[in-house]
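Examining the three-dimensional arrangement
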Amino acid sequence: MKRFAFTMIELVFVIVVLGILAAIAIPRFSATRDDAQIAKGRSDISAIRAAIVSERQTRLLQGQTAYINHLDSLAGASADGNILFDNNGTVSNTLLQYGITAASTNGHWRKTAADTYQYRALGVDTQFTYTQATGRFDCVANAGNCNLLTR
């Protein structure tokens, strides 16, 4: 009589191999997600800084030497869902064309005070400050993920 089935040893062997593959793959996916959060933060920072410079160039052509007053229209801290970096406090001038939605989870920005923002990545908040006098959007070196986000 012929039997068409797997033996118990074959099934255990397959389960062990699948367990080993899962143990290797899951940490790699986690590292990829962390790298993506840092890459998104770098991209956002570059876009914000480029927008500040672009706005400055526009103002210089109009004979104004001052940098923009604020990076968005919110006076204080943001709530989840608010749009950040959408304008500089005036309806006619947009900083980033689409803005960035505020949230308090990893990979998102939030505003904590006037001209002070935090980007959360790898479970750590990194604070950025916009200085109107110099037009700089910077974080404190070696604080949070500042070095990872700005290099």
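Residues numbered from 1 in each chain as written. Predicted model: local features only at pLDDT ≥ 70, side-chain atom pairs only at ≥ 80, totals over all residues. Heavy atoms only, no water.

Right, let's talk about the environment of A31 for a bit. Structurally, the position occupied by A31 is in helix 1 (residues 8-61). A relative accessible area of 36% means that A31 is categorised as partly exposed. Between the alpha carbons of A31 and L122 there is a distance of 9.9 Å; along the sequence they are 91 residues apart. (Helix = DSSP H or I, 4+ residues; strand = E, 2+ residues; numbered from the N terminus. Buried < 20%, exposed > 50% of the residue type's maximum accessible area, 1.4 Å probe, protein only.)

In this section: the nonpolar core. Formed by 23 residues in total, the largest nonpolar core has its most connected members in I48, L71, F85, W109, Y117, F128 and F137. Counting residues per element, the ones that place at least two in this core are helix 1, strand 4 (116-121), strand 5 (124-131), strand 6 (136-139) and helix 2 (146-150). The element that contributes the greatest number of residues to this core is helix 1, accounting for 5 residues. Ignoring anything within four residues of it in the chain, the contact list for F128 reads I45, W109, D115, T116, Y117, Y119, F137, D138, C139, L149 and T150. (Core = buried A, V, L, I, M, F, W, Y, C linked by side-chain atoms within 4.5 Å. Contact = heavy atoms within 4.5 Å.)

Functional significance is not addressed by these values, which are geometric in nature.
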